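The chain contents come next:
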Amino acid sequence: MSHKNSIDLQKVPQHIAIIMDGNGRWAKQQGENRIYGHYEGVNSVRDVVEGAGEIGVKYLTLYAFSTENWNRPKEEVDALMELLVSTISAETPQLNKKNVRLQAIGNLDSLPSTCLEELNESINLTSKNTGITVVLALSYSSKWELVNAMKKIAGELSAGNLEPADITEQTIEKYLCTKDIPDPELMIRTSGEHRISNFLLWQLAYAEFYFTDKLWPAFRKEDLFEAILNFQNRERRFGKTSEQLTQAK
Ligand code: FPP
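My aim in this report is to walk through the structure given alongside it, one point at a time.

Calculation criteria
- Residues numbered from 1 in each chain as written.
- Predicted model: local features only at pLDDT ≥ 70, side-chain atom pairs only at ≥ 80, totals over all residues.
- Heavy atoms only, no water.
- Salt bridge = Lys/Arg side-chain N within 4 Å of Asp/Glu carboxyl O.
- Buried < 20%, exposed > 50% of the residue type's maximum accessible area, 1.4 Å probe, protein only.
- Pairing = 2+ DSSP bridges.
- Helix = DSSP H or I, 4+ residues; strand = E, 2+ residues; numbered from the N terminus.
- Axes fitted to C-alpha atoms, helices over the stretch in contact; angles between N-to-C directions.
- Contact = heavy atoms within 4.5 Å.
- Near = heavy atom within 4 Å.
- Polar contact = N/O pair within 3.5 Å; in protein donor to acceptor, adjacent residues only side chain to side chain.
- Areas by Shrake-Rupley, 256 points an atom, 1.4 Å probe, with all protein chains shown as cover.
- Nonpolar A, V, L, I, M, F, W, Y, C, P; charged D, E, K, R; others polar.

Here we look at the pattern of salt bridges
Here's step 1: Applying the stated criterion to the full structure yields 16 salt bridges.
Here's step 2: D180 is the partner of K179 in a salt bridge, and the nearest nitrogen-oxygen pair spans 3.5 Å.
Here's step 3: By relative accessible area, which is 62% here, D180 ends up exposed.
Here's step 4: What you see here is one network of salt bridges that share partners, running through K4, E50, E54, K98 and K221.

Quick notes on the sheet that holds strand β3 (residues 101–105)
Here's step 1: The strand order across the open sheet built from six strands is β3-β4-β2-β1-β5-β6, with neighbouring strands paired in parallel fashion. Of all the strands in the sheet, just β3 and β6 (208–211) have a single pairing partner and so form its edges. Neighbour to neighbour, the strand axes of the sheet diverge by 20° on average, direction disregarded.
Here's step 2: Pairing of strand β2 (residues 59–66) with strand β4 (residues 133–140), which is carried by seven bridges, proceeds in the parallel orientation. Bridging across to β4, L62 finds its partner in L136.
Here's step 3: Sitting on the sheet, helix α2 (residues 34–54) is in contact with β1 (15–19), β2 and β4, with an inclination near 160° to β2.
Here's step 4: Packing of helix α7 (residues 221–232) onto the sheet brings it into contact with β1, β5 (186–189) and β6, and relative to β5 it is tilted by some 135°.

Looking at the site of the ligand
Here's step 1: The ligand sits among 17 residues. The nearest are D21, G24, R25, R34 and R72.
Here's step 2: In this structure, an oxygen atom belonging to the ligand sits 3.0 Å away from a side-chain N or O atom of D21.
Here's step 3: Note that an oxygen atom of the ligand is positioned 3.1 Å from one of the backbone N or O atoms of N23.
Here's step 4: In isolation the ligand exposes 620 Å². Once the protein is present, 91% of that is buried.
Here's step 5: Listed by contribution, the elements that provide at least two residues to the shell around the ligand are α1 (23–29), α2 and α3 (74–97).
Here's step 6: Of the residues belonging to the shell around the ligand, the class tally is seven nonpolar, six polar and four charged.

Have a look at this one:
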């Protein structure tokens, strides 16, 4: 039986963030080069987006390329950029058919122009869709995002538009790439690594973390459903006691 049937549809996390890790190791296991792993990873992306949409997840953020990934061999960076362009271009009609909206976060201006153009086109073409929003984190790192936010806030301070005493959590959130997106309740990382690797450090403050040994190209919607079931069996206390939560029910 699919894990899907056991999911409580009233308690599905509205935002799930995923660190898609293990493409290179998966490829090596198949005797192929790392780039083959990234290509196979796209099949997992497709399946997981579909699965998340089926159960009513509102936002799915995928860590597709980090700021640090620019340091990989040029051949791999070029192949990843080409894969992004070809995938986004080929998948946009399907995204529209399935009512999926595409968005992106990160230092998008650092992407090659072909990639940025394709991305912007797909974002525009899917902007009216009302189903799941897929947020691609591209050339993204949380420290970059926070530095960027601090610079903008400092600019507002020096222009006299903001007083230090008026800075709140909401002020900072307004300057993050995710300003109109609710924080993820669940963060999944594949491939057995237990790190968050500069991903959504602010936004994951209260998220539940789910780690699986599966390598990303082997991760499918059924694995997503399993992660959601695991999430639903946890008690999220937000600093309160278990008794306080029971009394509030
Ligand atoms: C991490 O595995 C994966 C990446 C750096 C790239 C992820 C990109 C994709 C799955 C393609 C996504 C495409 C779209 C359109 C969203 P790794 O290379 O670090 O694997 P390793 O840890 O085994 O070396």
